[in-house]
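One-letter residues, chain by chain:
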Amino acid sequence: MSEDLRTDPASGWPTAYPAIPSGARSADGDGTAGRGHGPWRQLAGVALGAAIAGSLLGGALLLGVLTWRGVLQLQGAVTGPALEVSSPTIEVNGGEDLDRVAGVARAVLPSVVQVDIDGGDSAFGTGNGSGVVYRSDGYIITNNHVVSRADGVTVVFADGSEADAEVVGTDRETDLAVLRVDRTGMPAISVGDSSDLQAGELAVAIGSPFGLDGSVTAGVVSAVNRGPISVRGPDGERVSLYDVIQTDAPINPGNSGGPLVSGQGRLIGINSAILTGGRTPGNAGVGFAIPVGIAVETVDELISSGEVRYAFLGVQGMDVNPDVAERVGVDAGAHVDEVLSGPAEDAGLRPGDVVTDVDGALIDSMDALVMAIRQADVGDTVSVTYRRSGEDVTVEVTLTELPRP
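This section reports on the structure supplied with the text. (Residues numbered from 1 in each chain as written. Predicted model: local features only at pLDDT ≥ 70, side-chain atom pairs only at ≥ 80, totals over all residues. Heavy atoms only, no water.)

Examining the overall build of the protein chain
Link 1 in the chain: The number of helices and strands found in the protein chain is six helices and 25 strands.
Link 2 in the chain: Across the 405 residues that make up the protein chain, the buried fraction comes to 55%.
Link 3 in the chain: When the accessible surface of the protein chain is totalled, it reaches about 16100 Å², and 46% of it is carbon and sulfur. (Helix = DSSP H or I, 4+ residues; strand = E, 2+ residues; numbered from the N terminus. Buried < 20%, exposed > 50% of the residue type's maximum accessible area, 1.4 Å probe, protein only. Areas by Shrake-Rupley, 256 points an atom, 1.4 Å probe, with all protein chains shown as cover.)

Comments concerning the nonpolar core
Link 1 in the chain: In terms of nonpolar packing, the biggest core is built from 28 residues, with Val108, Ile141, Val204 and Ile270 touching the most fellow members.
Link 2 in the chain: Taken together, the elements giving at least two residues each to this core come down to α1 (97-108), β5 (126-135), β6 (139-142), β9 (176-180), β10 (202-207), β16 (267-276) and α3 (292-305).
Link 3 in the chain: Sequence-distant contacts of Ile270, defined by excluding residues within four places in its chain, comprise Val132, Ile141, Asn143, Leu176, Gly257, Gly258, Phe288, Ala289, Ile290 and Ala295.
Link 4 in the chain: Judged by nonpolar contacts, the second largest core, of 24 residues, contains Val336, Leu349, Ile363 and Ile373. (Core = buried A, V, L, I, M, F, W, Y, C linked by side-chain atoms within 4.5 Å. Contact = heavy atoms within 4.5 Å.)

Re the side chain of His145
Link 1 in the chain: You can see His145 is positioned in helix α2 (residues 144-147).
Link 2 in the chain: The class of His145 is buried, set by a relative accessible area of 5%.
Link 3 in the chain: Polar side-chain contacts of His145 include one of 2.8 Å to the side chain of Asp175.
Link 4 in the chain: Within the structure, His145 has its side chain in polar contact with the side chain of Ser256 (distance 2.7 Å). (Polar contact = N/O pair within 3.5 Å; in protein donor to acceptor, adjacent residues only side chain to side chain.)

Quick look at the sheet that holds β5
Link 1 in the chain: Spatially, the six strands close up into a barrel ordered β4-β5-β6-β9-β8-β7, and their pairing is antiparallel. Across this sheet, the average inter-strand angle for adjacent strands is 40°, counted without regard to direction.
Link 2 in the chain: Pairing between strand β4 (residues 112-118) and strand β7 (residues 152-156): five bridges, direction antiparallel. Residue pairing for β7: Gln114 is matched across the bridge by Val156.
Link 3 in the chain: Across the sheet, α3 touches β5, β6, β8 (162-171) and β9, and the angle it forms with β9 is around 50°. (Pairing = 2+ DSSP bridges. Axes fitted to C-alpha atoms, helices over the stretch in contact; angles between N-to-C directions.)

Here's the deal with the environment of Gly317
Link 1 in the chain: The topology assignment puts Gly317 in strand β19 (residues 315-319).
Link 2 in the chain: Among the residues examined, Gly317 registers a relative accessible area of 6% and is labelled buried.

Describing the environment of Leu313
Link 1 in the chain: Relative to the assigned elements, Leu313 resides in the loop between β18 (311-312) and β19.
Link 2 in the chain: Residue classification places Leu313 among the buried positions, given a relative accessible area of 3%.
Link 3 in the chain: Note: C-alpha distance between Leu313 and Leu399 (86 residues apart in sequence) is 5.8 Å.

A short note on the pairing of strand β23 (residues 381-388)
A regular strand carries its side chains on alternate faces of the sheet.
Link 1 in the chain: Most of β23 is tucked away: seven of the eight residues are buried.
Link 2 in the chain: Taken together, the four bridges between strand β21 (residues 354-358) and β23 define a ladder with antiparallel strand orientation. Note on β23: the bridge partner recorded for Val354 is Arg387.

Notes on α3
Link 1 in the chain: The end-to-end C-alpha distance of α3 is 20 Å, a good match for the 20 Å that 14 residues give at a rise of 1.5 Å each.
Link 2 in the chain: Where burial is concerned, most of α3 is hidden: ten out of the 14 residues are buried.
Link 3 in the chain: Looking at the residues trailing α3, positive phi occurs at Gly306, about 85°. (Expected span 1.5 Å × (residues − 1).)

Looking at the side chain of Ser194
Link 1 in the chain: Position of Ser194 among the secondary structure elements: in the loop between β9 and β10.
Link 2 in the chain: A residue is classified by how much of its surface remains accessible, and Ser194, at 17% relative accessible area, is buried.
Link 3 in the chain: Not counting chain neighbours up to four residues away, the residues in contact with Ser194 comprise Ile245, Ile268, Pro291, Val292 and Gly293.

Some remarks on unusual backbone geometry
Link 1 in the chain: Here the phi dihedral of Phe210 falls at roughly 55°; this positive angle occurs in a residue that is not glycine.
Link 2 in the chain: By secondary structure assignment, the location of Phe210 is in the loop between β10 and β11 (215-226).
Link 3 in the chain: The partly exposed category is assigned to Phe210, whose relative accessible area is 30%.
Link 4 in the chain: For Asp359, which is not a glycine, the phi torsion comes out positive at approximately 50°.

Points about the pairing of β6
Link 1 in the chain: Side chains Tyr139 and Ile141 project from β6 onto one buried face, and the interleaved Ile140 and Thr142 project onto a second face that is buried too.
Link 2 in the chain: The loop that links β5 with its antiparallel partner β6 comprises three residues; one of these, Gly138, has a positive phi angle of about 115°.
Link 3 in the chain: Sheet topology note: the β6/β9 ladder contains four bridges and is antiparallel. Within β9, the residue paired with Ile141 across the bridge is Val178.

So this is what it looks like as structure tokens:
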């Protein structure tokens, strides 16, 4: 039997809980690599001072909320030139929300898949999640936590046909993965824009909750730019998701990797986690999706090179607290607790320093430092200002690549 994640009440961090057996099926049985990383990029080597996972209403934040011990749907992107995909036509009868949801479902369902995984002889066992066709030449997007420990992956399409899938690449930092199947002419989803989303907009989630393929649920965008949302990944290590979309569209185990779409039927996010207060994972009206802007950039890089490269600064720390503020003489900033071997050490940063500025951008918290480094690429040189012994010091730091475990 495989495992999903739930919160350990003692530590506040998600931990393993028994997964639903794969035998419980549905009722009828059935970019360019290294460029344009944008503000979402992970700051490697920086440990956040606080974890949202343990503080959100005392609930359990589940990564894999969408992973169910049955079938995992995932779809990814393909190498080569991008294919032009026309936007789906959505007919709205009378302008009613339910009519709009029905139109969205008709347009999007052909692009949604179920992802079945086989853990082989490992303890992971079998399971299922969801995915969405990204490109018509065989690439599908899903979650990393859906397929990272899979020995074999099968994609089940909306028409009931199946195909073995190859895992093109995975990225634990964004919880995204790309699959490829040997097919052409697939119905790729229309990609939207998550940068201008507003709270209250219609949000529709489609996937295979509890193995019930092709399930459609609707709600609204509850909030945007949430984060960091901190959870424990399939390997037991903590993962921080940034700038995520919060939605009350019901999502449950098995929805992982499936699309969150707008009222125009365009992809705005990849469903990845939920907040639940009970011991049994399920919808509580608070779900989180990786924004499509992050998803597309990550997926394109995975397709191009099979991996995603992250810039590395090499510090661990926390937000400035009152004691540090009084000692150092700053009201806010990123307090450095530890300097790792790497760029920060080479530039002369030491424990006790407080970073207050990166390339002219105010750093008023550790999260702000994370976001600032996320905007940089491996090899970029950034200007870092920090406070030490009552004086401001500015140094040039050349970022290296995040060391891999």
